[in-house]
Amino acid sequence: MEAVLKNQECREKRHALLSASGSHRWLNCTPSAVAEAGYPDEGSIFAEEGTLAHAMGAAQLKTLLGRDNAAELREIAELGPKYASGEMEEHVEGYVNFVMERYEEARRVSQELRTADAQIFVETHLDFSDWVPEGFGTGDAVIVGGRTMEIIDLKYGKGVKVDAERNPQMMLYALGAGAIADYAYDIEAIRMTIYQPRVGNLSTWEISPDELLEWAAGRLRPLAEVAYRGLGVRKSGEWCRFCKAKGDCRTLARDAYEITFLTYAPADADELTAEERARVLTELPKIKDWLKAFEEASLARALRGEEIPGWKLVEGRSVRRITDPEAVGRALEEEACAEPEQVWKPRELRTLTELEKTFGRKFFARTCGEWVHKPAGKPALVPVSDKRVALDPASDFDGMEI
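Residues numbered from 1 in each chain as written. Predicted model: local features only at pLDDT ≥ 70, side-chain atom pairs only at ≥ 80, totals over all residues. Heavy atoms only, no water.

**Observations regarding the sheet that holds strand 2 (residues 136-145)**
Now for step 1: Read across the open sheet, the 5 strands follow the order 1-2-3-4-5; overall the sheet is mixed. The open sheet terminates on both sides in strands that have one partner only, identified here as strand 1 (119-127) and strand 5 (201-207). Averaged over all pairs of adjacent strands, the angle between their axes in this sheet comes to 25 degrees, without regard to strand direction.
Now for step 2: Where helix 7 (residues 168-178) meets the sheet, its contacts fall on strand 1, strand 2, strand 3 (148-154), strand 4 (189-196) and strand 5, and the angle it forms with strand 3 comes to roughly 130 degrees. (Pairing = 2+ DSSP bridges. Helix = DSSP H or I, 4+ residues; strand = E, 2+ residues; numbered from the N terminus. Axes fitted to C-alpha atoms, helices over the stretch in contact; angles between N-to-C directions. Contact = heavy atoms within 4.5 Å.)

**Focus: the nonpolar core**
As a rule of thumb, soluble globular proteins bury nonpolar side chains together.
Now for step 1: Counting 36 residues, the largest nonpolar core has W26, V132, I151, L175 and L220 as the members making the most contacts within it.
Now for step 2: At the level of secondary structure, the elements contributing two or more residues to this core comprise helix 2 (23-28), strand 1, strand 2, strand 3, helix 7, strand 4, strand 5 and helix 8 (209-228).
Now for step 3: At 7 residues, the largest contribution of residues to this core is made by helix 7.
Now for step 4: Here W26 is in contact with L18, S19, S32, A33, V132, L172, L220, A224 and A227, once residues within four sequence places are set aside. (Core = buried A, V, L, I, M, F, W, Y, C linked by side-chain atoms within 4.5 Å. Buried < 20%, exposed > 50% of the residue type's maximum accessible area, 1.4 Å probe, protein only.)

**Some words on the packing of aromatic side chains**
Now for step 1: Inspection of the entire model under this criterion finds 4 aromatic pairs.
Now for step 2: On the basis of an interplanar angle of 35 degrees and a centroid distance of 5.3 Å, the ring pair of F98 and Y195 is categorised as tilted. Here Y195 lies in strand 4 and F98 lies in helix 6 (residues 86-113), a separation of 97 residues in the sequence. We note that F98, like Y195, is buried.
Now for step 3: Following the ring pairs from residue to residue traces out a cluster consisting of Y95, F98 and Y195. (Phe/Tyr/Trp six-rings, centres within 6.5 Å; stacked < 30°, edge-to-face > 60°.)

**Describing the side chain of D153**
Now for step 1: Inspection of the secondary structure puts D153 in strand 3.
Now for step 2: Classification of D153 as buried rests on a relative accessible area of 4%.
Now for step 3: The contact partners of D153, leaving out residues within four places of it in the chain, are D140, Q169, M170, Y173, T193, I194 and Y195.

**What to know about the state of the cysteines**
Now for step 1: Per the stated rule, a full pass over the model turns up 0 disulfides.
Now for step 2: For C240, which is in no disulfide, the shortest distance to another cysteine sulfur is to C249 and amounts to 6.4 Å. (Disulfide = S-S within 2.5 Å.)

**As for the pattern of salt bridges**
Now for step 1: One pass over the structure, following the stated rule, counts 20 salt bridges.
Now for step 2: One salt bridge in this structure joins R301 and E306, with 2.9 Å as the shortest N-O distance.
Now for step 3: R301 sits in the partly exposed class, given a relative accessible area of 27%.
Now for step 4: Among the residues examined, E306 registers a relative accessible area of 37% and is labelled partly exposed. (Salt bridge = Lys/Arg side-chain N within 4 Å of Asp/Glu carboxyl O.)

**Let's talk about the confidence of the model for the protein**
Now for step 1: Confidence in the prediction of the protein, expressed as mean pLDDT, is 88, and 91% of residues score 70 or more.
Now for step 2: When the criterion is pLDDT under 50, residues 1-14 qualifies, and its contacts beyond four places in sequence or with other chains add up to 9 contacts. (pLDDT = per-residue confidence, 0-100.)

**Looking at the packing of helix 13 (residues 352-359) against helix 14 (residues 361-368)**
Now for step 1: Put simply, helix 13 and helix 14 touch, their axes get as near as 6 Å, and they point 115 degrees apart. Classified by the angle their axes make, helix 13 and helix 14 are roughly perpendicular. Together, L352, L355, E356 and F359 of helix 13 and R361, F363 and F364 of helix 14 make up the contact between the two elements.
Now for step 2: Taken together, the residues that form the contact of helix 13 with helix 14 break down as 5 nonpolar, no polar and 2 charged. (Parallel < 35°, antiparallel > 145°, perpendicular 65-115°, else oblique. Nonpolar A, V, L, I, M, F, W, Y, C, P; charged D, E, K, R; others polar.)

**Some thoughts on a negative patch on the surface**
Now for step 1: A surface patch of like charges, here negative, comprises E333, E334, E335, E339 and E341.
Now for step 2: Top contributing element to the negative patch by residue count: helix 11 (residues 325-335), with 3 residues.
Now for step 3: Within the secondary structure, E341 sits in helix 12 (residues 340-343). (Patch = residues over 30% accessible without salt bridge, like charges linked within 9 Å, V, L, I, M, F, W, Y side chains within 5 Å. Areas by Shrake-Rupley, 256 points an atom, 1.4 Å probe, with all protein chains shown as cover. Lys, Arg positive; Asp, Glu negative; His and termini not counted. Charge placed at Lys NZ, Arg CZ, Asp CG, Glu CD.)

**Looking at unusual backbone geometry**
Now for step 1: For E134, which is not a glycine, the phi torsion comes out positive at approximately 55 degrees.
Now for step 2: Turning to its location among the elements, E134 is positioned in the loop between strand 1 and strand 2.
Now for step 3: E134 sits in the exposed class, given a relative accessible area of 53%.
Now for step 4: Even without being glycine, R147 reaches a positive phi, approximately 65 degrees.
Now for step 5: Among the structural elements, R147 can be located in the loop between strand 2 and strand 3.

**Quick word on the packing of helix 4 (residues 45-65) against helix 5 (residues 70-83)**
Two packed helices can be described by the angle between their axes and the distance between those axes.
Now for step 1: Helix 5 packs onto helix 4 with a crossing angle of 135 degrees between their chain directions and a minimal axis gap of 9 Å. Classified by the angle their axes make, helix 4 and helix 5 are oblique. Judged by the twist between their axes, the crossing of helix 4 over helix 5 is left-handed. For the pair helix 4 and helix 5, the contacting residues are I45, E48, E49, T51, L52, A55, M56, A58, A59 and K62 in the first and E72, L73, E75, I76, L79, G80, K82 and Y83 in the second.
Now for step 2: Among the residues making up the contact of helix 4 with helix 5, the classes are represented as 10 nonpolar, 2 polar and 6 charged. (Left-handed = near helix turned anticlockwise from the far one by under 90°.)

**So, the pairing of strand 3**
Now for step 1: Of all 7 residues in strand 3, 7 are buried, a share of seventy percent or more.
Now for step 2: The side-chain alternation of strand 3 yields two buried faces, one formed by T148, E150, I152 and L154 and the other by M149, I151 and D153.
Now for step 3: One ladder, built from 5 bridges, connects strand 2 with strand 3; its direction is antiparallel. Considered in strand 3, the bridge of A141 is made with I152.
Now for step 4: Between strand 2 and strand 3, which pair antiparallel one after the other, the connecting turn spans 2 residues, and G146 there sits at a positive phi close to 65 degrees.
Now for step 5: Where strand 3 and strand 4 come together, 7 bridges link them in parallel fashion.

Structure representation (structure tokens):
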């Protein structure tokens, strides 16, 4: 039995070529999945932090449901000492409460409609290989009951706000979840919910089973078959952000170059037009991201021994550091008769972000909120789609530091 469980864990941990999390990218740029396959998965502290948050949430849900959570407890024991914090505990608690509230609501509706009892699946394997070659993923929470199936996905990251509407990752999960929903439930609506606590984002979108299957057959399956073979035409866009191959991608480089140098503009133009400025500002995040990826990819190639004409590898600058501050302090106090204030800095309060992360935002606000001041922010140029209120250049900048 132990070997079976271990094999199942290995299956859940490996990544599909056409992953659900990368579906937005390979649906728009079909060659990208195969192109990425040749790059190592280096991971990051953000990924490990997210893994811990998911493990904590799943462990608590399984405890409340009376289910085995040994796998999650092993992950918590491994990653907890490095990443656990009051902030994470607070956000995970909110996620668990939200999922249980949704489950209880499904149970209530099921009783009212006299349908089969609601079920909840936690960290469950979702197979959507009928539409995507070798396609599978893991659903954080799937609730079936009351003629509705809901897929809830915990997003612990805060770099990008994620919307549930027509989100291909969630739609793939819904296809996989459909296979575990018994026909007795007579599902009429599929609800997809993104729970992203660190940016205050709760996004929900519904679709009918027929609409989902129409999308799967008409768009998903044809593109997935092309992407699985690494065929199609490369296309750059905001989906390039997390692509491992972006630093070597000629299409992205060409598009960034054309935008940056306005190669489409008249040769005799002396100044940028407002429209040209708008286009560059719109594409600026992609250009900056590509430049950083390009530099990193070039360094990686040089480290592998590839020659780049006119460039060479050298040792970068480094900063001296003290390996044992306590030993240095004792030596100076004893040998130089130094006073403590000559050696040690005064005690310093940690940053606001560090304190909120350690003790939790709610607790910190409740105990220390009266001593926190948020001044007006500096003016920033953002797209009109941004939800913040526009400033009036004629009057709103009075007294504001620019």
